[in-house]
Structures are given as C-alpha cells and as structure tokens.
Number of protein chains: 2
Amino acid sequence: MSTSTISSAITSETAAEDQVQRVNLLRSTDDNYDGVIVELDQPMDSTTFISILRASVSHWKKLGKKGVWIKLPIHLVNLVEALVKEGFWYHHAEPKYLMLVYWIPESPSTIPANATHRVGIGSFVMNEKQEVLVVQENSGLFQGTGVWKFPTGVVDQGEDICVAAVREVKEETGVDSEFVEVLSFRQSHNSFFEKSDLFFVCMLRPLSSDIKTQRLEILNAQWMPFEEYAAQPFIQKSELLKYINDTCLAKMGGQYSGFSSVPTSSNFSDQKNYLYLSAGALKSSYSS
Amino acid sequence: MSTSTISSAITSETAAEDQVQRVNLLRSTDDNYDGVIVELDQPMDSTTFISILRASVSHWKKLGKKGVWIKLPIHLVNLVEALVKEGFWYHHAEPKYLMLVYWIPESPSTIPANATHRVGIGSFVMNEKQEVLVVQENSGLFQGTGVWKFPTGVVDQGEDICVAAVREVKEETGVDSEFVEVLSFRQSHNSFFEKSDLFFVCMLRPLSSDIKTQRLEILNAQWMPFEEYAAQPFIQKSELLKYINDTCLAKMGGQYSGFSSVPTSSNFSDQKNYLYLSAGALKSSYSS
C-alpha cells in the first residue's frame, strides 16, 4: 500500500453539536463479521498514532463495529508498545508483520484463533520391483542413526499436499514421481512450541529412477526392497511406522483404498481446491 | 518462569586474557538444531537489555550456535523494538506472547516456518431413519440464507479431529454422538489472511436424539431427511458439497470406506496420537 492510511472525516457527533471539526481517523476496510481491518504502512510517531487510534476506535464503536485488526509491518515496530498499552493483543505474526487485535464490545471476544497446525508429508515411492525410495539424513532426529527412511518434509504455505509430496521426493532424491493417494494421516500435538502437526503419508508412482541427492541434509538415497526397509529395527519398534507399512503392503496387494485428490469448485471460493476422498469406492457405488 | 532469566558467566576468552570479568548473559536452553531458546519474564529497561543481548549473541556465536529464539510475553512489549533493531524478526505470536528469531551464521537461515493451517471439521450425524442433523446459523456466511447445513467448527489448539467433531455437534445441537470416520478432507488456501485451511468431513453415529440448541450463533437445528437436505439449491450449486453428499450416500449404502482413528504410539513421542486410515481395508488384507 502506497497510499496514506489516515483519512480525514467529519464525525457525525461533532456535526450534531453544530460545530464542524476535522478529525484524523485510521483508514480501514470492513470484514464479514462486523469488524474492521487496518493495514498501516507510513511511519508515524507513537504519540500522534495513539491520538488517531483513540479517535478511530471511538468512531468504530459508534458504528457498532466489534473486532479491530491492525496489521503492522515490521518497519513500524515502534508502534507495537503503544497498541498493547491501548488494550490490543497479539493475534499472529509472520516474518514481516505483526497482527494485533482489539475487541470493542463488552461481550466476550469471538476473534477466531490463529493457525494451529503445521502440515508435513511423507512420500512412499514404490517401483514395479517392489522397491521403495529411501534416504539417510544428516541432520535432525535421524542424524547418525543409519536409518533408511522415506522422504519427508514440510508443506509450504499455500502448497497442496499432493504437490508437496512430489516436490520433496524431487528435492531429496532427484526422482520424478506422480501423486497417487493419501494412505493415512496422523495428528499430533505440542510438536513445535504449542502447535499441532498433521502428517500425511502419500503413495507416489515413480516416473524416473536415477537418483541424484540434491539437498544438504540428505546423506544418501537408494531404491531398497520393501522387505529390507520394513525389517529395520527402528521401524519394527514403532507402532506408527508398522501401521504405515501395513497400509503400503495392502496397497501394493491391491487391497487398500486411500484418498485420491479431486479438484473441486465450491460456492465459497473462486479457486479450485483439492478434495481428498476414496474415489475408487465412490466410483463403484455410482456404477452399482 | 519465576526465576531470573539473566545468568552470570565468566566467559572463557576473558579468562584466557588472564583477567576475570563477570558478564551478564541471557539464560538459554539448547534446542535439537544447534539453536538456543530464551524465555524472558522479568521486566527490564531496553538499554540494559540490548547490552546483555549483544553479549549473549556474541557468546552463542563462539559456541557455534545458529538460531536464537526469544519468547517475549506481552508484558515485556517494551523490548520488541530493541530486538527488531538488533536484527531479530517475528516468527509467530499468540495472544500472550511474541516469538522472535535471529540467525547467527552467514549461511541461509533454516528456521522452520510457523504453523500454516487452520483445521476445521464438519459433522454428518445420520440416524437409522436416514435423517441428518442440520442447523441454521445466524452469523457468518450463511446468515439469513435459510440454508440448512451440517454442524461445522474449528479444531481447538491441541484437540483431536475426532474429538472436535463430537464436541461441535454437542455444542450446536445438544446431541451426543460418536466418531465413525473421516469421509474426505479438503485443503484450501488464503482462507484467513495468508493461511491455509484443512477441513475434515466426519461421519458420526448419534447416541441421543433430543435437540437443544446451545450456542448463540445457532438459530435452529433439526433432523431432516437426507434427500431433503441434499435437494437444497445451495447444495446443488456446489461441486464440493455434491461430492461430500456422494460420499455420505455411498457410506450409508455400505459401499464407502473412509479413514477411522487408531491411537498409536511411536518412537518420536511419549504420547499416543491418532493415525487415521482405512481400517476396514487393512483388516480384510490381514485376513485374506
């Protein structure tokens, strides 16, 4: 935003008192829940800011507004303390901004919670010889253990699960693949500060076989017979990993149906989003 | 934390110079990735803080530390500006604290991203008469539309998907139920500021039938024949909702297998976490 975020307004109550007074207010947009959103950009000293903020909150209160969202870029860090002293609190933050909120009414706040989950994927890439693509990592939990594991990674902001699964395999091993299904997923809590974690185990079909490890954290990668992978003591000790292996084995035997990805539109959004469902089961129910 | 977060240390380099000097450093704990975590609590003026911070960063650098995490409770908001001026940036925030990070080495930062997803659930509660439990909302997207929809809600921090599905039904309708399966899930992007959204459609079995709407945002609730629910024009216009209905119909006809929840332990964590998988398919593959 290059425009100034302060607008001048003649407030109705001063007009009613038969005297016209120009008041600086923060420029805001309305949200769908009787709230206002302010995106600040221009530098301001905190004393001036507080006086404009107070006039603005008073104005929004008269309009019956409830939640006030202020998005403060990191270069306006000098205004954080002023906002907190005025009763604002933190909602969420990203590297370049801090979002603060305030609730005007006496009633309890219905400000929605921040994002709660990180999302990860694990990619099982299986070839027609029933070999699975596995890696050894040189950082993190598995560093120095000699364990061969399937490629895993974090889903980037705005990235689809089925896209992330393919990307991680390419980055860690150089192998091209296509997404087949989500075989299972696990939800865990307090994995990273107070946040929760959703981990999706994906089955992928390889489109190439040559391995070129490309990332710093990957020590080695290879195609390994599934039996040999599954027999590693580390895996045998984990109830979770044994379940995951069972789904892979059942899938390889044609006896398992995970969730495939179907792009769908909705009346909530302009974009197509992926719905993950058991498409095989659905098709057979159509035809029966 | 009630203890002081400043520790006194005799740094090795001054001892080597044959003069002993007491230096105040921030008390920190190590993470698993060569980083340090500092949780501040005691009030401090920002000038004192900057001098201790600089000494601490210099100390950590000599130890080969990489990432520095500073968790700053909201009552220490006076230190935010100082930290940003020293090169720290925002990582994430919750109502009561702000987490700032700094990367010591010259190499690119490998600080992991913040939580990226909000998680929601929708609950399909179907009784033996093939009636579905539906509600009308008096706020949000559906306000004033007359649309009957299945109960939906946000998964709380630390809450399991299968628990949230049951809780939302109870809160919105007073009906007790038990979780059966995740029928499908949808991932969408930019749903709430820059964050993504994962929405899990769950099938539940009712354990009671009397309806008592309990929440402010619920105008009305009732058991409605599934056919009547599905025939609403709003639903017919949505590709997404039609797919969801198809999975429900297929499930009712015994032709669909979603993901049920299995508590599993792993060698990554002490807790039992839910793994969601197609348990029916897995069982039949064991027995075949």
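Residues numbered from 1 in each chain as written. Chains lettered and ligands numbered in written order. Predicted model: local features only at pLDDT ≥ 70, side-chain atom pairs only at ≥ 80, totals over all residues. Heavy atoms only, no water.

Where an unreviewed UniProt entry is consulted, chain A appears under the name Nudix hydrolase domain-containing protein, with the organism given as Glycine max. As its UniProt record puts it under Sequence similarities (unreviewed entry), chain A is described as follows: "Belongs to the Nudix hydrolase family." (UniProt positions renumbered as here; feature names shortened; annotations may be inferred.)

A.B. asks: In this structure, what is going on with the sheet that holds strand 3 (residues 29-30) of chain B? I would like to understand it.
C.D. replies: Sheet strands line up and pair through hydrogen bonds in the backbone, either parallel or antiparallel. Residue and element names in this part refer to chain B. Spatially, five strands are ordered 3-4-5-7-6 in an open sheet, and the strand pairing comes out mixed. Bordering the open sheet on either side are strand 3 and strand 6 (89-94), each of which pairs with just one other strand. Looking at chain direction, strand 4 (residues 36-39) and strand 5 (residues 67-73) are connected through four bridges and run parallel. In the sheet register, Ile-37 faces strand 5, and the bridge partner there is Trp-69. (Pairing = 2+ DSSP bridges. Helix = DSSP H or I, 4+ residues; strand = E, 2+ residues; numbered from the N terminus.)

A.B. asks: Please explain unusual backbone geometry as it appears in this structure.
C.D. replies: Even without being a glycine, Asp34(A) presents a positive backbone phi close to 60 degrees. With respect to the helices, strands and loops of the structure, Asp34(A) is situated in the loop between strand 3 (29-30) and strand 4 (36-39).

A.B. asks: Hey, could you run me through the pattern of salt bridges in this one?
C.D. replies: Should the charged atoms of two oppositely charged side chains come close, the side chains can pair. Residues and elements named next belong to chain A. Summed over all chains, the structure comprises 30 salt bridges over all chains. Put simply, Glu-137 and Lys-149 hold a salt bridge, and the shortest N to O gap is 2.7 Å. In this pair, Glu-137 sits in strand 9 (residues 131-137) while Lys-149 sits in the loop between strand 9 and strand 10 (152-154), placing the two residues twelve residues apart along the sequence. An identical accessibility class is assigned to Glu-137 and Lys-149; each is buried. A salt bridge links Asp-176 to Lys-170; the nearest nitrogen and oxygen atoms lie 3.2 Å apart. Salt bridges sharing common partners tie together Asp-156, Glu-159, Arg-167, Glu-168 and Glu-171. (Salt bridge = Lys/Arg side-chain N within 4 Å of Asp/Glu carboxyl O. Buried < 20%, exposed > 50% of the residue type's maximum accessible area, 1.4 Å probe, protein only.)

A.B. asks: Where do I start with the interface of chain B and chain A in this structure?
C.D. replies: A common way to express how large an interface is: the accessible area buried when the components associate. Residue-level contacts link 87 residues of chain B with 87 residues of chain A. Taking both sides of the interface into account, the surface hidden between chain B and chain A amounts to around 8100 Å²; carbon and sulfur atoms contribute 63%. With a closest N to O distance of 2.5 Å, Glu94(B) and Lys195(A) form a salt bridge. Here chain B and chain A share 28 residue pairs in polar contact (both at pLDDT 80 or more) between them. Element by element, the count of residues in the side of chain B that touches chain A is highest for strand 11 (residues 177-192) of chain B, at nine residues. Considering only residue class, the side of chain B that touches chain A consists of 46 nonpolar, 28 polar and 13 charged. (Contact = heavy atoms within 4.5 Å. Buried area = accessible area lost by both parts, 1.4 Å probe. Polar contact = N/O pair within 3.5 Å; in protein donor to acceptor, adjacent residues only side chain to side chain. Nonpolar A, V, L, I, M, F, W, Y, C, P; charged D, E, K, R; others polar.)

A.B. asks: Teacher, can you tell me more about the sheet that holds strand 4 of chain A here?
C.D. replies: Residue and element names in this part refer to chain A. Pairing is mixed across the open sheet formed by five strands, whose spatial order is 3-4-5-7-6. Of all the strands in the sheet, the pair left with one neighbour each is strand 3 and strand 6 (89-94). In this sheet, strand 4 lies alongside strand 3 in antiparallel orientation, the contact comprising two bridges. Following the sheet pairing, Thr-29 is matched in strand 4 by Ile-37.

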